[in-house]
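Architecture at a glance
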Amino acid sequence: PEITERAEWYCENAPSDLQLTMKAFSAVAEIELSDSLSFTSVSAYRQRTFDQYSRDFSRLTSGASARQENVQENADSLTQELRLTYVGDAVDLVGGLYYSDFRFEREPIGTAPFTFGSALLGSRVGFSVCPYSGLGFCPVAPNFTQEVTHNRVMAAFVDATFAVTDQLDIFGGLRLDDYSNTTTSTVFRAAG
């Protein structure tokens, strides 16, 4: 078939083999403590697994194949918010706490960690660029970037709405955040 210049950028030398799994759970609970005071809890958990058995980044017309093979990315996220809400005649108040924990890891798919020995496409681990011959063999050694990320957010917040008149409200709020992030990235290269 005839491929336009624009379309060829989105064509692969070889078909990709990817698998994405996502799970998400959330829960909202609200308790009326009185006519003017309520307590709310919002919880959420998300999990994502992205397996790249074979992913081709090449143009169909290029002389090389850029591939990512046998790499898995795992991400987990947990969030929790607790808040009190007061609704009065002249003032509405909302105050609460927030927590978030996110973890990400890129690791090889396979039994032995960081095994690069095979030059056969589909048996390698990591990213490589090699001449596309259609034979499934690549003489260029791949590299694998292991990444581990963990970030955490804790926050306290309060906001208030004051009814100055029946048609005018004044709104204001404060939020205090504590954020931490740790990311390590290591590149492993094959010996040959």
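Structure shown above.
1. Describing a nonpolar patch on the surface
On the surface, a nonpolar cluster with roughly 370 Å² of combined accessible area is contributed by F162, V164, L168 and I170. Turning to its location among the elements, L168 is positioned in the loop between β6 (143-163) and β7 (169-189). A relative accessible area of 45% means that L168 is categorised as partly exposed.

2. As for the pattern of salt bridges
Scanning the entire structure with this criterion turns up seven salt bridges. As a salt-bridge pair, E81 and R83 come within 2.4 Å of each other at their nearest N and O atoms. Across the salt bridge formed by D178 and R152, the nearest N and O atoms sit 3.4 Å from each other. In this pair, D178 sits in strand β7 while R152 sits in strand β6, placing the two residues 26 residues apart along the sequence. A relative accessible area of 38% means that D178 is categorised as partly exposed. Counted as one network, the salt bridges with shared partners bring together R48, E73, R106 and E147.

3. Section: the pairing of strand β2 (residues 37-56)
In this sheet, β2 lies alongside strand β1 (residues 17-32) in antiparallel orientation, the contact comprising 16 bridges. The residue bridging E32 from the neighbouring strand is S38, located in β2. Linkage of β1 to β2, two consecutive antiparallel strands, is achieved through a turn of four residues.

Analysis parameters
- Residues numbered from 1 in each chain as written.
- Predicted model: local features only at pLDDT ≥ 70, side-chain atom pairs only at ≥ 80, totals over all residues.
- Heavy atoms only, no water.
- Patch = residues over 30% accessible without salt bridge, like charges linked within 9 Å, V, L, I, M, F, W, Y side chains within 5 Å.
- Areas by Shrake-Rupley, 256 points an atom, 1.4 Å probe, with all protein chains shown as cover.
- Salt bridge = Lys/Arg side-chain N within 4 Å of Asp/Glu carboxyl O.
- Helix = DSSP H or I, 4+ residues; strand = E, 2+ residues; numbered from the N terminus.
- Buried < 20%, exposed > 50% of the residue type's maximum accessible area, 1.4 Å probe, protein only.
- Pairing = 2+ DSSP bridges.

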